[in-house]
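# Survey of secondary and tertiary structure
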Amino acid sequence: MTTPSLWFVVELEEYLDRSGDRPLVEALQPRVMKLLKYFERFKNSDGLLEKLESWVFVEWSAANSFVQDVNYPSNMLYARALAAAGKLYGRPDLLAQAEQIRAVIRKQSFDGKFFVDNALRKDGQLLPTTNRTEVCQYFAFFFGIASRESHPELWQILEKDFGPQRKQTKAHPNVHFANAFIGNVLRLELLANAGLTRQLLDESLAYQLYMVERTGTLWENDHDSASCNHGFASHGGVHVLYRDVLGLQDVNTATRSVRIRFSDSGLAWCEGTTPTSDGPISLRWRRAEDT
């Protein structure tokens, strides 16, 4: 696969924040720069990646059918990887490249209502298609192409109309549904960032409880035709719930500190335990009137 390697750079930035392991990050610098050098051969005159080779993966949905010639979700991820590398290694040139790519995507991909997934090269011109997917919208907000302030109408559609109930409501039928990995996970992250904890909890149950009831695990797809015990699914099914519902907002083993944040999940009580290298951390709370 071509583009999933870019997730490694994004994850490396998060790893440093969580662990403080600067020696490992520095040791990986040659590999990160070699990866970014590889992608330079695909950059077009607008600075976007075009005609990527091998398997260009977005998620297990119709989005995987719209990856050529310019795939905007992949370029959103590319911009985020450039920004992460720029921050990790003190490279303002990479930060500038990332912002330039974001600006081009906003101009080319947004059709006035949604971000379209791809553009095709015809007679030398790059022409955006009308292909629109739910996951592309999540990529746009997750990777800083759009925000609740810059695209309020689109955010309202995402918050109110999208989600696990859309297959019943049939809202926006011209936008292809997202799947468990990775669109639904990104959606939960966006709800968390917006402070919509009660909605996050409700949707997490709607997305995943039937999986747990059937197999005791979380799945790679929203159906049982592939991996029914998927590690990445634990991000939405475990990490998000511990962070945003239980309230263990940040557990930093490098500084040996814990940050707790309570929010309105609608629960009367909650408890959980998470492991660390120094032993388990447990949190339990209950709500009584306004306390």
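Before reading further, recall that the structure is shown in the block above.
Here is a short report on the structure shown in this document. (Residues numbered from 1 in each chain as written. Predicted model: local features only at pLDDT ≥ 70, side-chain atom pairs only at ≥ 80, totals over all residues. Heavy atoms only, no water.)

## Observations concerning helix α6 (residues 134-142)
Residue pairs three or four apart in sequence face the same way in an α-helix, which turns once every 3.6 residues. Most of α6 is tucked away: eight of the nine residues are buried. Listing the buried residues of α6 in full gives Glu134, Val135, Cys136, Gln137, Tyr138, Phe139, Ala140 and Phe141. Looking at the packing, one finds that the buried side of α6 touches α1 (4-19), α4 (72-89), α7 (152-161), α8 (166-169), α9 (180-193) and α10 (197-215). Downstream of α6 by a residue or two, glycine 144 has a phi angle that is positive, lying close to 80°. (Buried < 20%, exposed > 50% of the residue type's maximum accessible area, 1.4 Å probe, protein only. Helix = DSSP H or I, 4+ residues; strand = E, 2+ residues; numbered from the N terminus. Contact = heavy atoms within 4.5 Å.)

## Focus on unusual backbone geometry
At the junction of glutamine 68 and aspartate 69, the peptide bond is cis and its omega measures out at -5° in the coordinates. Residue placement: aspartate 69 occurs in the loop between α3 (29-40) and β1 (70-71). A cis amide bond links phenylalanine 181 with the next residue in sequence, isoleucine 182, at an omega value of 20°. Structurally, isoleucine 182 can be placed in helix α9. At lysine 51, a position not held by glycine, the phi torsion is positive, near 55°. Take lysine 51: it is sitting in the loop between α3 and β1. Here the phi dihedral of aspartate 123 falls at roughly 50°; this positive angle occurs in a residue that is not glycine. Looking at the element boundaries, aspartate 123 is found in the loop between β2 (118-122) and β3 (125-128).

All we've got here are geometric facts, nothing functional implied.
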